[in-house]
Amino acid sequence: MNEVLGEIPEFPKSTQATNVFTRNSDPFKPERVAEVMRSITIGEDLSEEQRQQVRALCEEFADTFALAVSEVYPVTFKSFKLTFPEGTTFSTKVNQCPLTPPQREYLYERLNELEAAGIIRRIAPEDVKAASPTVLAQKAH
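Residues numbered from 1 in each chain as written. Predicted model: local features only at pLDDT ≥ 70, side-chain atom pairs only at ≥ 80, totals over all residues. Heavy atoms only, no water.

Q: Lay out the packing of aromatic side chains with the relevant residues and their values.
A: The full count for this structure, using the stated rule, is one aromatic pair. Consider the rings of F84 and F90, whose centres lie 5.0 Å apart with planes at 75°: the pair is edge-to-face. Of the residues examined, F84 reaches a relative accessible area of 47% and is grouped as partly exposed. Owing to a relative accessible area of 40%, F90 belongs among the partly exposed residues under this scheme. If you follow R23 out to its NZ or CZ, it ends over the ring of Y73, 3.9 Å from the centre. Residue placement shows R110 over the ring face of Y106; its charged tip is 4.5 Å from the ring centre. (Phe/Tyr/Trp six-rings, centres within 6.5 Å; stacked < 30°, edge-to-face > 60°. Buried < 20%, exposed > 50% of the residue type's maximum accessible area, 1.4 Å probe, protein only. Lys NZ or Arg CZ within 6 Å of the ring centre and 35° of its normal.)

Here's what the structure looks like:
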């Protein structure tokens, strides 16, 4: 019953620059710290002195910020296992709505990031135990 059901597609490679993603090698690289600071929004309810204190703390602890999935450290001290009653089966038929080209490009880039970070991995279609459609959340307007 090891019949090949289909081919695994190659996702287009990301064109995103990675020179600031140095949390593992150089977390205080000036370009990385600048990108961390650019990514942080400090509320207007703080005085200028308080805002400066927040900026200084963020710069001091820039090594705790992850700019990409690839910079997130894996948790090795905890594990999670799903258990199901014996004989439980799940649907492997996906009723996927077609994705627009921009949606597909966005999704494939995210999948490449997750795969490169070791969070997900490719498996053969015949090894799939459960499947569900992918739904991309719409941006609030």
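Q: Talk me through the pattern of salt bridges; I want residue IDs and the actual numbers.
A: Applying the stated rule across the entire model yields seven salt bridges. Residue R32 is joined to E71 by a salt bridge in which the shortest nitrogen-to-oxygen separation is 3.2 Å. Note that R32 is positioned in helix α1 (residues 30-39) and E71 in the loop between α2 (48-60) and α3 (101-116), a separation of 39 residues in sequence. Accessibility assignment for this pair places R32 and E71 in one class, buried. As a salt-bridge pair, E109 and R110 come within 3.5 Å of each other at their nearest N and O atoms. Exposure remark for R110: the relative accessible area of 24% places this residue in the partly exposed category. (Salt bridge = Lys/Arg side-chain N within 4 Å of Asp/Glu carboxyl O. Helix = DSSP H or I, 4+ residues; strand = E, 2+ residues; numbered from the N terminus.)

Q: With reference to specific residues and values, describe the side chain of R23.
A: Relative to the elements of secondary structure, R23 occurs in the segment before α1. Of the side chains with opposite charge, E71 lies nearest to the buried R23, which makes no salt bridge, at 5.8 Å. At 2.8 Å, the side chain of R23 forms a polar contact with the backbone oxygen of D63. Here E71 takes part through its backbone oxygen, which lies 2.7 Å from a polar atom of the side chain of R23. Excluding residues that lie within four positions of it along the chain, R23 makes contacts with R32, D63, T64, F65, A66, E71, V72 and Y73. (Lys, Arg positive; Asp, Glu negative; His and termini not counted. Polar contact = N/O pair within 3.5 Å; in protein donor to acceptor, adjacent residues only side chain to side chain. Contact = heavy atoms within 4.5 Å.)

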